[in-house]
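Structural overview
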Amino acid sequence: MNPAECAALVAGKPVSVKEIDDREAVLRAGNRASALPRPETSEGRQLRRWLTQLVVAERVVDAEASARGLSGLGAPGRDDLLPDTAARLEIGSVAAATLDSATARAVFAEVTAAIEVSEAEVAAYHARNPLRFALAQAGSHGWRGRPVAPSLDQARNRIAAHLRAAARRQAFRQWLDTRCATLVELAPGYEHPGDPRQPDNTHKH
């Protein structure tokens with residue numbers, strides 16, 4: 001492939017500029033097209049950089065699935081891994097977008113299977129957030145009473161599940177970042193959107 005036609009390499013295999021063009025075309029044909037930046041602007045180039053990050057991350061995850069013999073069969077649901085906006089922000093937009101794929105969710109489950117939280121972490125969380133899992137008391141005439149903080153024993157399982165889910169999202173994002181850093185080479189013009197060396201990065205210190 002002509003270098004000018006290559007946006008990135010993943011484990012030595014090219015990602016073509018055409019693939020990024022096609023991804024952008026799909027976005028611009030969708031129902032959120034009016035919210036996208038105009039092509040050939042600084043923000044438009046940043047969108048293409050983000051799309052490149054997504055494509056290479058998908059390639060990395062697919063390669064891992066192949067190496068581990070995983071399919072999407074039996075993978076957790078997307079809402080199980082990313083139940084709300086906070087979870088999606090926590091894991092990052094690229095990692096969150098990869099999890100649209102059942103195969104990627106199977107990789108998530110494998111990569112994070114050993115992640116657990118300790119009793120000390122659960123107790124410390126409860127001490128810091130005593131009302132996090134409180135239930136409002138039913139009152140008369142449809143009013144609800146003031147929430148009552150559950151005991152550690154009452155909240156333990158919910159806190160453990162909450163902390164475990166957050167720890168697994170963090171572990172997956174770190175794993176994906178590390179694998180991408182190892183396997184991916186980006187062409188000029190397709191750098192990471194946050195790379196301070198590229199001219200369209202506007203986050204300055």
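A quick note: this is a predicted structure, and the numbers were derived from the prediction, not measured.

Core analysis: the biggest nonpolar cluster contains 32 residues, and Ile91, Leu99, Phe172 and Leu176 have the highest contact counts within it. Elements supplying a minimum of two residues to this core: β1 (6-10), α1 (17-28), α2 (42-68), α4 (85-91), α5 (93-98), α6 (102-111) and α8 (152-183). The leading source of residues in this core is α2, at eight residues. Excluding anything up to four places from it in sequence, Leu99 contacts Arg78, Leu81, Leu82, Ile91, Ala104, Arg105, Phe108 and Phe172. Judged by nonpolar contacts, the second largest core, of eight residues, contains Val117, Phe133, Ala155 and Ala160.

With the rule as written, the count across this model stands at 19 salt bridges. Residue Arg78 is joined to Asp100 by a salt bridge in which the shortest nitrogen-to-oxygen separation is 2.5 Å. You can see Arg78 sitting in helix α3 (residues 78-81) and its partner Asp100 sitting in the loop between α5 and α6, a full 22 residues away along the chain. By relative accessible area, which is 27% here, Arg78 ends up partly exposed. For Arg156, the salt bridge identified is with Asp153, shortest N-O distance 2.6 Å. With Arg156 and Asp153 both in helix α8 and three residues apart, this pair spans about one turn of that helix. Taking relative accessible area as the criterion, Arg156 reaches 24% and is therefore assigned partly exposed. Connected via shared salt-bridge partners are Asp21, Glu24, Arg28 and Arg48.

Another point: the environment of Ala8. Structurally, Ala8 is set in strand β1. Put simply, Ala8 and Ser93 are 85 residues apart on the chain and 19 Å apart in space, counted from C-alpha to C-alpha. Here Ala8 is in contact with Lys13, Pro14, Val15, Thr52, Val56, Glu185, Leu186 and Ala187, once residues within four sequence places are set aside.

Along the chain, Thr52 turns up in helix α2. Discounting chain neighbours no more than four positions away, the residues touching Thr52 are Ala7, Ala8, Ile20, Leu186 and Tyr190.

Here we come to the sheet that holds β1. The strand order β2-β1-β3 describes an open sheet built from three strands, whose pairing is antiparallel. A strand with exactly one partner marks an edge of an open sheet, and here the two such strands are β2 (13-16) and β3 (184-186). Along the sheet, successive strands turn relative to each other by an average axial angle of 25°, direction set aside. Pairing of β1 with β2, which is carried by four bridges, proceeds in the antiparallel orientation.

Looking now at unusual backbone geometry. Non-glycine residue Ala11 carries a positive phi angle of around 55°. By the secondary structure assignment, Ala11 is in the loop between β1 and β2. For Ala11, a relative accessible area of 53% corresponds to the exposed category. Even without being a glycine, Glu40 presents a positive backbone phi close to 65°.

Rules behind the numbers
Residues numbered from 1 in each chain as written. Predicted model: local features only at pLDDT ≥ 70, side-chain atom pairs only at ≥ 80, totals over all residues. Heavy atoms only, no water. Core = buried A, V, L, I, M, F, W, Y, C linked by side-chain atoms within 4.5 Å. Buried < 20%, exposed > 50% of the residue type's maximum accessible area, 1.4 Å probe, protein only. Helix = DSSP H or I, 4+ residues; strand = E, 2+ residues; numbered from the N terminus. Contact = heavy atoms within 4.5 Å. Salt bridge = Lys/Arg side-chain N within 4 Å of Asp/Glu carboxyl O. Pairing = 2+ DSSP bridges. Axes fitted to C-alpha atoms, helices over the stretch in contact; angles between N-to-C directions.

Everything listed is a geometric property; what it means functionally is a separate question.
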